[in-house]
Each structure stands twice: as C-alpha cells, then as structure tokens.
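Residue strings, one per chain:
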Amino acid sequence: MVRGAARYRGRHARSSVTEDMIKSPAFLKIEEEIKKAYGAHVFRPLQKTDARLLPTGFFALDYCLGGGLPVNRIVEIVGHKGCFKTTLVLKIIASYQRRCGLCLHLLDCCPCGKREQDNMVIYLDAEHALDEEHALRHGINADPDRFRLLRPPSGEMACEYAESLIMVPEVAIMVIDTLADLVPETEMQKGYFDPFSRNLRARLIARLSRQMTHKVDRPDRPRFLIFVNHLLPNQASAYGGDTSPGGEEQAYASSTIIKLWARQPKRFMFNKAAKSAEDAEDAEAEAEPQKKREINFLLTHHKSRPQAAGAFDLAVEEEPGLTYGDAHDFDAVFNWALKGGLIGVNGKSQWAYDGQMFKAQKHIKDLWKSDAVKYEQVKTAIIAAKAH
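Residues numbered from 1 in each chain as written. Predicted model: local features only at pLDDT ≥ 70, side-chain atom pairs only at ≥ 80, totals over all residues. Heavy atoms only, no water.

S.K.: Would you mind showing me how to read the packing of aromatic side chains here?
M.R.: Describing an aromatic ring pair means giving the distance of the ring centres and the angle of the ring planes. In this structure the tally under the stated criterion is eleven aromatic pairs. The interplanar angle of 35° and the centroid separation of 4.5 Å between the aromatic rings of phenylalanine 58 and phenylalanine 312 together place this pair among those described as tilted. Here phenylalanine 58 is found in the loop between strand S1 (53–54) and helix H3 (59–65), whereas its partner phenylalanine 312 is found in strand S12 (residues 307–315), with 254 residues between them in sequence. Since its relative accessible area comes to 4%, phenylalanine 312 is described here as buried. Each ring, one from phenylalanine 59 and one from tyrosine 63, has its centre 5.9 Å from the other, and the planes form 45°; the classification is tilted. With phenylalanine 59 and tyrosine 63 both in helix H3 and four residues apart, the pair spans about one turn of that helix. (Phe/Tyr/Trp six-rings, centres within 6.5 Å; stacked < 30°, edge-to-face > 60°. Helix = DSSP H or I, 4+ residues; strand = E, 2+ residues; numbered from the N terminus. Buried < 20%, exposed > 50% of the residue type's maximum accessible area, 1.4 Å probe, protein only.)

This is how it looks when you write it as structure tokens:
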C-alpha cells in the first residue's frame, strides 16, 4: 500500500510540474515569440485528419485514393514519356475549378453554401512545352485571377517562385512540371563536361522538397502541391529498372506517388492475309480509330492503402458529352453501382435508378453524361460504401 501510494503521488507530482511549466510565464512568452515569428499554425491540437479530398475526375484512381487527393500534402506524378501525366494534371485543375474552394464539392451541390471561387492555380512550366490551346480543351478556366502560367528560365528561379507563391493565401494548387527540367544556372553556364556541376539538380530538388513540405501544410484552407517527374532507364544498374531525376528526396516528401504508364493501342493485327507491307498499311487504314486509351497506375505511400494498382480509360476522341482527356469510365461506374445496389434490375430489359425506370444501360450513362451532379453523387456513394 505504501509503495502504491508513493507511486501515485510521484505520478501526480510529475503531472502537476508539467502543467505548471506549460502555464509558466516563460513558456507563454516563448510560445508568443514563436507564433509571431512563424505563424499561429505552428502550435495545433491533435485532431482527426482533414476529410476533404479533391477528386481527380477518374473513378478508378479516386476509388484507390479513397475519394481523391489529400489536402495540404505533396503529390508526385511520375511516368515515362507519353503516358498522359500532363493530361491528368490538367484534369485535376479543371476538376478543382468547378468546385467550391472550401468544401471541394461541385458548385451545384455545395454543402457549405459559400461557393468560393477566388483561389488561384499556379502552373510552373519548367519544360516550356505546355500547349495552351491543349490546356483550354481540357476545360481550364484561363481567367488571370484563376490560372497563372509561369515559365522560369532556370531551376533556381523556379524554386524561388514556388517557395514565394505557395505562401500566398489565394494560391490553392501549384504544379511544377517537371522536376527533371529544373536545370541549375551553373550547369547551363559551365561546359558540358564540367565535373563541378554534377548532382546540382539532385541537391536543388532535395532542397525544394524539404522547403515545400511544411509550407504546403496550412490548416486555414485546402492547398495542393503537385510534382510531375519523368521516369528514365537506369543505365547505371546492370539489372535495368527505372530512375527519376532528382533522387529519392521528392519521394520521401510526397504523401502520395502516382506512377503512370500507357499501353500501346492495338490498331490492327498481322495475319496470314497481310503478306506484304502494302497489305499491312491497308489493314491499318481500315482499322477503327481508338476512342479511348487505357492508362495503368500504381499508388504508393498512401495513408489508407500502402500500395494499390489499377487502370482507367481516357477518351482520345470527341464524343457527345465527352472531350479529349475526359474519363471514359461510365461502364466501370455502372458495374460498381449495380454491385452496390444503387441500380436495380427489373426483369431482363429494365433498370431502376433514382426512382426511374430505364430500358437500357445506355440511357443511364447518357443521363450521367448530361448531369454531372448525379454522376458525382453515384461515384461518392460507391467510394463511401467501400470505406465502410
């Protein structure tokens, strides 16, 4: 009994000492100085993770992400040349511009009622290769108050732009496309075989990643930072594989890494009838044009699922209700809605959805193409059912 009482008094004494230290004038003075120097967001209470997510617009990707991209985090999109990395980024931007800047819901079904659209998107085009007309085709709002395109001349200038603009409260999304083109000035000014310019780009990207990790994490409003990077063949390894410029520092700073690769379209098949090159060209000319492309993805470093893989279809031809680069995933959403009970079957030729009867699947998909709110509600219900 004596030992237990002494142990209890010791624990109680330690807790009282801690409370006195927190409430002491010295601690309060240091706390005020830190808040004044670095902002009030430095001290924050333990609370649940922010549930707001930004949908990418591609159902399979959003399903694996748990609803969309996490707020106040860094997302890295990597892939080989021609795997639609820029297309995915432009679709994410277009998806954000159609939503409320606070709750990240569509403006037609905004639950907060504020319908805020004053936030800005900063696109740092380090490649100097973004086709502005191509970006407008994806639904980007080119209003200077909503979208700004910057083309820095060097890697140092791009890092300075990024570190300065990410602190502006109106900036909601910042895209750096790509990290592989953040070339230091020293590397451009010196000779091609200057030994002192080695690893400068890797150190530049590592410093940028460390600086942006804490700057993007602001609790006042949702903010997103997207790194786009290339995958190159690893020529230094005898076993092959891929490597990304800049090392692994940006991978450590990213909460979600999306690796993309696109399969080559199957335009035609060689057969015994195609005995010459002329026959093969005729077969290719007669082949039907591809209306969609299958894009495969691999997710790593995600909080809910450490690793997940999947694929989504991307429209590469104009269709009624679809433009180039839109998600061609109505079939997948229909199958998941049917499996989850959101769509009922009445006989062999009737489908029940939203209190109405449809004679064919095509009619439901046409309804989704014309009504973005209903399509968004179906996808949200499917993802919510998966979470539970």
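From this point on, the discussion continues.
S.K.: How should the sheet that holds strand S13 (residues 344–345) be read in this particular structure?
M.R.: Each strand in a sheet pairs with its neighbour through backbone hydrogen bonds, running either in the same direction (parallel) or in the opposite one (antiparallel). Taken in spatial order, the three strands line up as S13-S14-S15 in an open sheet, and their pairing is antiparallel. The open sheet has two edge strands, S13 and strand S15 (356–358), and neither has a second partner. Here three bridges tie strand S14 (residues 351–353) to S15, and the two strands are oriented antiparallel to one another. When the sheet's bridge partners are listed, tyrosine 353 is paired in S15 with glutamine 356. Packing of helix H12 (residues 361–370) onto the sheet brings it into contact with S14 and S15, and relative to S14 it is tilted by some 25°. (Pairing = 2+ DSSP bridges. Contact = heavy atoms within 4.5 Å. Axes fitted to C-alpha atoms, helices over the stretch in contact; angles between N-to-C directions.)

S.K.: Before we go on, may I ask you to explain the pattern of salt bridges in this structure?
M.R.: When their charged atoms lie close together, side chains carrying opposite charge are able to pair. Applying the stated rule across the entire model yields twelve salt bridges. For arginine 99, the salt bridge is made with glutamate 376, and the minimal N-O distance between the two is 3.1 Å. A residue pair is termed long-range when its members are at least 10 positions apart, and arginine 99 in the loop between helix H4 (85–97) and strand S4 (120–125) and glutamate 376 in helix H13 (residues 372–387) qualify at 277 residues. Between lysine 292 and aspartate 313 there is a salt bridge, with its nearest N and O atoms 3.6 Å apart. Residue lysine 292 is located in strand S11 (residues 292–300), and its partner aspartate 313 is located in strand S12; the two are separated by 21 residues in the primary sequence. Relative accessible area serves as the criterion here: at 31%, lysine 292 is assigned to the partly exposed category. (Salt bridge = Lys/Arg side-chain N within 4 Å of Asp/Glu carboxyl O.)

S.K.: What am I meant to see in the nonpolar core here?
M.R.: Most often, soluble globular proteins keep nonpolar side chains buried together rather than apart. Membership of the largest hydrophobic core comes to 42 residues, with the highest contact counts inside it found for Leu61, Ile77 and Ile258. Residue contributions to this core peak at seven residues, all from H4. Excluding anything up to four places from it in sequence, isoleucine 77 contacts Lys85, Leu88, Val89, Ile92, Ile226, Phe227, Val228, Asn229, Ile258 and Leu260. (Core = buried A, V, L, I, M, F, W, Y, C linked by side-chain atoms within 4.5 Å.)

S.K.: Explanation requested: the packing of helix H6 (residues 155–165) against helix H8 (residues 200–215) in the structure shown.
M.R.: When two helices pack together, their arrangement is given by the angle between the helix axes and the distance between those axes. At a minimum axis separation of 10 Å, H6 and H8 run at an interaxial angle of 5°. As summarised for this structure, H6 and H8 are arranged roughly parallel, according to the angle between their axes. The residues of H8 that touch H6, namely those facing Gly155, Glu156, Cys159, Ala162 and Glu163, are Leu204, Arg207, Leu208, Gln211, Met212 and Lys215. (Parallel < 35°, antiparallel > 145°, perpendicular 65-115°, else oblique.)

S.K.: Would you mind going over unusual backbone geometry with me for this structure?
M.R.: Peptide bonds are trans in most cases, and residues, glycine excluded, mostly fall at negative phi. Here the bond from aspartate 177 into threonine 178 is cis, since omega is 0°, no more than 30 degrees from zero. Here threonine 178 lies in the loop between strand S6 (171–177) and helix H7 (185–189). A positive phi angle, near 65°, is found at leucine 104, a position not held by glycine. Relative to the helices and strands, leucine 104 resides in the loop between H4 and S4. In this model, histidine 128 sits at a positive phi of 60°, which is unusual for a non-glycine residue. If you trace the backbone, histidine 128 turns up in the loop between S4 and helix H5 (132–137). You can call histidine 128 partly exposed: its relative accessible area is 43%.

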